[in-house]
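Chain and residue survey
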Amino acid sequence: MSDIRNEAEAKQNATPKPPLDPHLKALENEAIHIFREVAAEFERPVMLYSIGKDSSVLLHLARKAFYPGRVPFPLLHVNTGWKFAEMIAFRDNIVKEYDLDLIEHINPRGAAENVTPFTHGSALYTDIMKTESLRQALDAGKYDAAFGGARRDEEASRAKERIYSFRTPDHRWDPRNQRPELWNIYNGMIRQGESVRAFPLSNWTEVDIWRYIQAEDIPIVPLYFAKKRPFVERDGMMIMAEDPRLELLPGEVRQEGVIRFRTLGCFPLTGAIRSNATTLDDIIAELETATVSERQGRAIDRDQSGSMEKKKREGYF
Amino acid sequence: MTVSATATAEVLPIEAPAAEQARAIRDSRPLRLITCGSVDDGKSTLIGRLLWDTKAVKEDQAATLHRDSGKQNDLGLPDFALLLDGLQAEREQGITIDVAYRYFSTDRRSFIVADTPGHEQYTRNMATGASTADLAVLLVDARAGILEQTRRHATIASLMGIRQFVLAVNKIDLTNYERARFLEIVHDFKEFALTLGVTQITAIPMSALKGENVVYDGRASMPWYDGPTLVETLEKATTRSNQTVGFRLPVQRVSRPGESFRGYQGTVAGGSVKPGDSVVVLPSGMVANVTKIVTFDLVRNAAVAGDAITLVLDRQVDVSRGDMIVAIDSQPMTGRGFDAQIVALQPEGIEPGKRYWLKSGSRRQRVLIEPVSQLDLKTSKWSTAERLGMNAIGKVHLAFDEQAIFDTYEQNRTTGAFILIDPDTNNTVAGGMITGRRSELGGIHKDDQRVLLSLPADLAEKIMASELFASRRQDVDIRHTTAGRAAEILGDLDE
Ligand SMILES: Nc1nc2c(ncn2[C@@H]2O[C@H](COP(=O)(O)OP(=O)(O)O)[C@@H](O)[C@H]2O)c(=O)[nH]1
Ligand SMILES: [Mg+2]
């Protein structure tokens, strides 16, 4: 995996791995418990895999949970066609290296109607290429449980969500009527057509994710590390300018600078940050003094307070 | 120092070097706590204030908060509760509906805090938060004092095994920081807490809104109080674990990646285990020895409560999901009748004679609930009850079709806990805590006439679902087995 791992990090990890500290160990144990419970109770689980850092951690935990067996469910990547090229390369590498079953889904309507983030605006684009697409993929696979890497510290409506988040046959979430979820006893009883979204990383924070990636030496997409990259400034965000489909608008200029990404999604909607963090230590240090939340770089979350809840009610992850 | 009225999200320089600070935080598991108490006593505001003063609120979130706060209160402070009340319905109505989990840390420790709703209607969400908490912060409005809802929450928290309480006498700013009023409320609460058996109480006069005695002390306005702030109290609180009791492994799944490997996967729910230990598989009672504890990283030489492991035994025994592997010299209770306390969580309440699903650990089985008594929150007395309504706290008998396996909740917060699921709606309708095993099956006398029937499982299931059967459940003995074994047993009787 040397080609997808940051070099500085590879050096850093030459020494044998010390045991996890109690804080990370507790989070890991909880996540593994959830993985095993869902795999045992549901007929057709699937794991949403978005290639980002949270997905990387989620995948690592799944491999740990079922070791020495194989991960007993497929990974589902809801692709939009607008991901960073490095993300797709990374994904294909991981799937091969870890012997995983990957299902990729792109909303055919999006392709047919030429839905792009530029022509349709971020809200409608996300609705069609992510929310609708996810529903299509889950219906097609008749999945009754879908693992996701969402964390409660990401956003105020996520903070309210159960670890087993119940969904109606049309994938709706009813935040006012969630099942009580006591202790670590999860209620997995559903009727035909209903499903749950299961969130093993519910209680992790962003810093926990990075510290775990470091402690466990988990490969991540190199875009998280600072490097000189081309970008343009648009709507107050630095948008990566390497994909030929990105057309410069009047007044925009292609620039170069040392930047990195705190979250990864569709490149036209994901803003970079200026940073010199080239190692995991740097990233963690940067995070511990960060003054803005990670969601800030995402166009789709900035529409209004409560926009995430609305999307989730409609079936967004 | 008190927080000034011009609180902003600016990041203050960190006092300890980052690396050192991080190390201190991670030396222990996070402390899990809940805020509870009646509506409007300031629970959400308090957690919002905690997040704010521990710098867990980032600039963009602060900007959103300022924008959403609209017209601010007289003090010019934002509405901190909006950091917690994240659902649209909550923001519209200005109340908390469901529990929110938030994360923050000081330079000593990290915390997971559950903000729970005060309305009686949403008690189920409060119970959800309480079930995993190590400590409860019980809020009281200094002007209103102890209310019925305060008692309900204190009672549920204590039933669910919380032993550490902080009594936060909030909105003290609205009583002119009056010491006498504070002492009066503390006295009232301590008297009530005695009936619950709760003795670890730290009482703190507080203004959640102004941030007095939350993270920063309130000496400027309350020179008469020289006790700890809320955060100081939280930093010293203890987390609980099941490490000192007997080994328990509820089996979640059996891992059989190939012919040569068979491992039992689950999370250790009590005690510890190491290779060479003798264990018993329940309910079958088969004995084996542990040969290996397998994890992804390495083969381990021990595992303790909380660890998610894969256990390998030295011989072929029949183990499946829902079974429990336990220490041979310290076994849990097994039987078909148990006593428990439950909290009814849904509008339909708990109906006598109805067959619910009970889930505990990885084990799910049918159970008949017989309510015995209900707690009257006004008088703190138990009175007989035939059914339990929504939010009722009751004592019940549990009658199982098959062997059940439990510890008391007192001894083990994992193997003594269960939920009830309504088979008609699939919803979780109660949370329960085992208090003991029922010694004798009611009604069975040695010389009474009995009939042994051997039935196909599906037919037996139908008969057991009938009203008549349910009403006499206590008189019946049931075992599941194979047709061959049943024929053998009946054959034995004929001889
Ligand atoms: N003056 C004053 N008002 C407070 C204090 N704590 C909360 N409040 C106000 O009391 C109201 C209810 O607070 P909230 O946190 O929503 O209560 P909850 O229902 O317990 O979550 C809000 O208007 C708060 O601003 C306090 O310490 N002093
Ligand atoms: Mg509230």
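Residues numbered from 1 in each chain as written. Chains lettered and ligands numbered in written order. Predicted model: local features only at pLDDT ≥ 70, side-chain atom pairs only at ≥ 80, totals over all residues. Heavy atoms only, no water.

Each helix and strand counted, chain B has 11 helices and 23 strands in total. Across the 495 residues that make up chain B, the buried fraction comes to 55%. As displayed, chain B has an accessible area near 21600 Å², and 49% of this comes from carbon and sulfur atoms. (Helix = DSSP H or I, 4+ residues; strand = E, 2+ residues; numbered from the N terminus. Buried < 20%, exposed > 50% of the residue type's maximum accessible area, 1.4 Å probe, protein only. Areas by Shrake-Rupley, 256 points an atom, 1.4 Å probe, with all protein chains shown as cover.)

When its secondary structure is counted, chain A shows 9 helices and 10 strands. Counting all 317 residues of chain A, 62% fall into the buried class. At a minimum sequence separation of 6, the contacts of chain A that also span at least 24 residues come to 76%. Summing over all exposed atoms, chain A offers an accessible surface of approximately 12000 Å²; the carbon and sulfur share of this is 50%. (Contact = heavy atoms within 4.5 Å.)

All names here are of chain B. Across the sheet, which stays open at both edges, the 6 strands sit in the order E2-E3-E1-E4-E5-E6 with mixed pairing between neighbours. With partners counted over all chains shown, the strands left at the sheet margins are strand E2 (100–105) and strand E6 (200–205), one partner each. If you compare each strand with its neighbour and ignore which way they point, the axes differ by 25° on average. Taken together, the 5 bridges between strand E1 (residues 31–37) and strand E4 (residues 135–141) define a ladder with parallel strand orientation. Bridging across to E4, Gly 37 finds its partner in Leu 139. (Pairing = 2+ DSSP bridges. Axes fitted to C-alpha atoms, helices over the stretch in contact; angles between N-to-C directions.)

So, on to the sheet that holds strand E6 (residues 195–198) of chain A. Residues and elements named next belong to chain A. The 6 strands lie next to each other as E3-E2-E1-E4-E6-E5, forming an open sheet whose pairing is mixed. Each edge of the open sheet carries a strand with a single partner, namely strand E3 (102–106) and strand E5 (164–167). With direction set aside, neighbouring strand axes in the sheet form an average angle of 30°. Summarising the sheet, strand E2 (residues 75–79) and E3 pair through 5 bridges and their orientation is parallel. Bridging across to E3, Asn 79 finds its partner in Ile 106. The sheet contacts of helix H4 (residues 85–97) involve E2 and E3, and relative to E2 the element is tilted by about 165°. The strands that helix H6 (residues 117–141) touches are strand E1 (45–48), E2, E3, strand E4 (145–147) and E6; relative to E2, the one it contacts most, it runs at about 145°.

Residue and element names in this part refer to chain A. A two-sided burial pattern is seen for E1, the buried positions comprising Pro 45 and Met 47 on one face and Val 46 and Leu 48 on the other. Note that E1 and E4 share 3 bridges and pair parallel. Note on E4: the bridge partner recorded for Met 47 is Phe 147. By the bridge criterion, 2 bridges tie E1 to E2 in an arrangement that is parallel. Note on E2: the bridge partner recorded for Met 47 is Leu 75. Viewed along the sheet, the connection from E1 through helix H3 (residues 53–66) into E2 turns out right-handed. (Right-handed = clockwise from strand over helix to strand, strands pointing away.)

Listed per partner, the contact involves 86 residues of chain B and 65 residues of chain A. Counting each side, the surface lost to burial between chain B and chain A is near 6100 Å², with a carbon and sulfur contribution of 53%. Applying the counting criterion to the chain B and chain A interface returns 7 salt bridges. Residue Glu 41 of chain A is joined to Arg 321 of chain B by a salt bridge in which the shortest nitrogen-to-oxygen separation is 3.6 Å. The interface formed by chain B and chain A contains 33 residue pairs in polar contact (both at pLDDT 80 or more). For the side of chain B that touches chain A, the leading source of residues is helix H3 (residues 59–68) of chain B, giving 6 residues. For the side of chain B that touches chain A, the residue count by class is 31 nonpolar, 31 polar and 24 charged. (Buried area = accessible area lost by both parts, 1.4 Å probe. Salt bridge = Lys/Arg side-chain N within 4 Å of Asp/Glu carboxyl O. Polar contact = N/O pair within 3.5 Å; in protein donor to acceptor, adjacent residues only side chain to side chain. Nonpolar A, V, L, I, M, F, W, Y, C, P; charged D, E, K, R; others polar.)

Residue and element names in this part refer to chain B. Along the chain, Pro 347 falls in the loop between strand E17 (333–344) and strand E18 (355–360). On the accessibility criterion, Pro 347 (56% relative accessible area) is exposed. In this structure, the C-alpha to C-alpha distance between Pro 347 and Asn 391, residues 44 residues apart in sequence, is 8.1 Å.

Below, the discussion takes up helix H2 (residues 43–53) of chain B. Residues and elements named next belong to chain B. Of all 11 residues in H2, 11 are buried; the element is thus mostly enclosed. Those residues of H2 lying buried are Lys 43, Ser 44, Thr 45, Leu 46, Ile 47, Gly 48, Arg 49, Leu 50, Leu 51, Trp 52 and Asp 53. Residues of H2 that are buried in the fold lie against E1, H3, E2, strand E3 (110–115), E4 and helix H8 (230–236). Immediately beyond the C-terminal end of H2, within one or two residues, lies Lys 55, with a positive phi of roughly 65°.

Moving on: the packing of helix H5 (residues 123–131) of chain B against helix H6 (residues 148–159) of chain B. All names here are of chain B. Axis separation between H5 and H6 bottoms out at 10 Å; the angle between their running directions is 40°. H5 and H6 meet at a crossing whose hand is right-handed. Where H5 approaches H6, its residues Thr 123, Met 126 and Ala 127 are matched on the opposing element by Gln 149, Arg 152, His 153, Ile 156 and Ala 157. Counted by class, the contact of H5 with H6 contains 4 nonpolar, 3 polar and 1 charged residues. (Left-handed = near helix turned anticlockwise from the far one by under 90°.)

All names here are of chain B. Note on placement: Asp 277 falls in the loop between strand E10 (272–273) and strand E11 (278–282). For Asp 277, a relative accessible area of 18% translates into the label buried. Within polar-contact distance, the side chain of Asp 277 engages the side chain of Lys 274 at 3.0 Å. Each residue touching Asp 277, except ones within four places of it in the same chain, is listed here: Ser 272, Ala 288, Asn 289 and Val 290.

Turning our attention to the site of ligand 1. Residue and element names in this part refer to chain B. Asp 40, Gly 42, Lys 43, Thr 45 and Asp 173 are the nearest of the 17 residues found near ligand 1. The separation between an oxygen atom of ligand 1 and a polar main-chain atom of Ala 208 is 2.9 Å. When ligand 1 is considered free in solution it has 580 Å² of accessible area, and contact with the protein chains removes 82% of it. If one sorts the elements of the shell around ligand 1 by residue count, H2 sits on top with 3 residues. Taken together, the residues that form the shell around ligand 1 break down as 5 nonpolar, 7 polar and 5 charged. (Near = heavy atom within 4 Å.)

Once that is clear, we can look at the environment of Lys 310 of chain A. The topology assignment puts Lys 310 of chain A in helix H9 (residues 307–313). Spatially, the C-alpha atom of Lys 310 of chain A lies 20 Å from that of Cys 266 of chain A, the residues being 44 residues apart in sequence.

In this structure the tally under the stated criterion is 43 salt bridges over all chains. In this structure, the salt-bridge partner of Arg 70 of chain A is Asp 99 of chain A, at a minimum N-O distance of 3.0 Å. Residue Arg 70 of chain A is located in the loop between H3 and E2, and its partner Asp 99 of chain A is located in the loop between H4 and E3; the two are separated by 29 residues in the primary sequence. Looking at Arg 70 of chain A, the relative accessible area reads 43%, which means it is partly exposed. We classify Asp 99 of chain A as partly exposed; its relative accessible area is 47%. The residue Arg 167 of chain A makes a salt bridge to Glu 161 of chain A at a minimum N-O spacing of 2.7 Å. The class for Arg 167 of chain A is buried, based on a relative accessible area of 0%. Look at the salt bridges and you will find they share partners, linking Lys 25, Glu 28, Lys 64 and Glu 216 of chain A together with Asp 297 of chain B into a network.

What follows is about the nonpolar core. Formed by 86 residues in total, the largest nonpolar core has its most connected members in Ile 34, Val 137, Met 160, Leu 167, Phe 189 and Leu 230 of chain B. Counting 74 residues, the second largest nonpolar core, distinct from the first, contains Phe 66, Ile 128 and Ala 272 of chain A together with Ala 308 of chain B. (Core = buried A, V, L, I, M, F, W, Y, C linked by side-chain atoms within 4.5 Å.)

A separate point is the confidence of the model for chain A. Residues and elements named next belong to chain A. For chain A, the mean per-residue pLDDT works out to 89, and 90% of the residues sit at or above 70. Per-element mean pLDDT across chain A ranges from 44 in helix H1 (residues 7–12) up to 98 in E1. This model gives residues 1–14 a pLDDT under 50, and the stretch forms 27 contacts once residues within four places in sequence are excluded. (pLDDT = per-residue confidence, 0-100.)

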